[in-house]
Amino acid sequence: MFTFKNPNVILAVLMINMFIVMVGVGLITPILPQLIIEFGASGQAIGLLVAAYGITQFLLSPITGRQSDHYGRKIFIVTGMIVFAIAKLIFAVGDVLWMLYVSRLLEGVAAALIVPPMMAYVADITTTEKRARGNSLLSAAMSAGFIIGPGLGGLLAEYGTRIPLWVAAGAAMISVMFSIVCLPESLSRSHRQVARAGRTLQPSLFKQYAKSLQSKYAPLFILVLVMTFGLANFESVLGLYVTKRFQFSPQYIAIILTTGAVIGVMMQMFLVARTIKQFGEQKTIKACLLITSLAYIVLLLATHFWSILLLTSAIFFATAMLRPALNTQLSKMAGDEQGYVAGMNNAYMSMGNIIGPLLAGSLFDLHMFAPFMAGCIILFIAFMMTLRLSSSQTGR
């Protein structure tokens, strides 16, 4: 069987897989209004449909990450791509609402199977010096998928509401076959045997989370949660905020969010690795938390489209720098626990993606400024935390 051996080529294969999954996750956004009409569903039902993805990802990520240390990365990545393709097929043929819920739950399962092993795979094939670049490129593929997904879904939906889902399923199956044939296993057989021999009975999921908060990784896991919460909190209510306060059109909102996201992807591709190499993870993490916190509060003073665009871009820029910096530092600390750490990392990201929108929506109902003020306070507290942590906990 032919397999790639060049780490750069392998990284490109991982990025393509990640991109396909995230495009598939995002492309349902523009077809949801049509589904509301088609199924006679309520807005609450559609909200739960969106959240279902994050729930299964949150529950399974700690398990799949650790198990990939024992059985290898490839089997989880390939299985995840297969589950993802099945999920899209179910959504494409679903004619009752419960089938769509099953599809979204399976998408979360697929993400849990794919993302932690991919993050651990990057650590397996990169040196310590090049790890930041690998993490930033994988993050860029993830972000690019989220950006392109809704737009591609809207274009394909012109040919039929379910066409985007068939295309996503087809792309996933092609990726499965390509990965089976060409993607090597990054962990040696002896490494996997040692990991299996040393494993112990695993505690329950909630005990795993409690244990993670007592581990040496706890400060960084909390920062991952805060970062993800902050961005999800911001993205979920920004459109409502500028619509209610400034009467921005959907086109203006799309320009703001897309521009910010594109800037984030470009930073991850071309600037993050150099910045981390120059200043180290610790300084990068601190600066990004401070920039994001200040941008939240300054946003409330902005009254024009261009100033809001600039501040939104600053938030996306800082987050784009922060995510790979945290991932790289966690990877450096993980040693032989790459899968476990990547799984918990992804689980805390999922938690932030669930909590952020829920809290933001409730706060927005109280006052339109409340979500941004809460985000500012939480991120600033996180910044203050990093000032108290030793360099061994947050980077060099």
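Residues numbered from 1 in each chain as written. Predicted model: local features only at pLDDT ≥ 70, side-chain atom pairs only at ≥ 80, totals over all residues. Heavy atoms only, no water.

Novice: Explain helix H7 (residues 163-182) to me, please; I cannot follow it from the model alone.
Specialist: Residue pairs spaced three or four apart in an α-helix point in one direction, given the helix's 3.6 residues per turn. In this model, H7 (20 residues) spans 29 Å end to end at C-alpha, consistent with the 28 Å of a helix rising 1.5 Å per residue. What H7 keeps buried is the set Pro 164, Leu 165, Ala 168, Ala 169, Ala 172, Ser 175, Val 176, Ser 179 and Cys 182. The secondary structure elements touched by the buried residues of H7 are helix H1 (7-26), helix H4 (74-93) and helix H6 (131-156). (Helix = DSSP H or I, 4+ residues; strand = E, 2+ residues; numbered from the N terminus. Expected span 1.5 Å × (residues − 1). Buried < 20%, exposed > 50% of the residue type's maximum accessible area, 1.4 Å probe, protein only. Contact = heavy atoms within 4.5 Å.)

Novice: How do you make sense of the packing of H4 against H7 when you look at a structure like this?
Specialist: Relative orientation and spacing of two packed helices are given, respectively, by the angle between their axes and the distance between those axes. The N-to-C vectors of H4 and H7 enclose an angle of 160°; their axes lie 8 Å apart at closest approach. Comparing the axis directions of H4 and H7 gives the class roughly antiparallel. Both H4 and H7 take part in a crossing whose hand is left-handed. Taking contact as the criterion, the partners of Lys 74, Val 78, Met 81, Ile 82, Phe 84, Ala 85, Lys 88, Leu 89, Phe 91, Ala 92 and Val 93 in H4 are, on H7, Leu 165, Trp 166, Ala 168, Ala 169, Ala 172, Met 173, Ser 175, Val 176, Ser 179 and Ile 180. (Axes fitted to C-alpha atoms, helices over the stretch in contact; angles between N-to-C directions. Parallel < 35°, antiparallel > 145°, perpendicular 65-115°, else oblique. Left-handed = near helix turned anticlockwise from the far one by under 90°.)

Novice: Would you explain the packing of H6 against helix H13 (residues 305-334) in this entry?
Specialist: It is at 9 Å that the axes of H6 and H13 come closest, and there the two elements cross at 130°. The angle between H6 and H13 places the two elements in the oblique class. Here H6 runs over H13; the crossing is right-handed. In this structure, H6 uses Arg 131, Ala 132, Asn 135, Ser 136 and Ser 139 to contact H13, whose residues at the interface are Arg 323, Pro 324, Asn 327, Thr 328, Ser 331 and Lys 332. Looking at side-chain class alone, the contact of H6 with H13 contains two nonpolar, six polar and three charged residues. (Nonpolar A, V, L, I, M, F, W, Y, C, P; charged D, E, K, R; others polar.)

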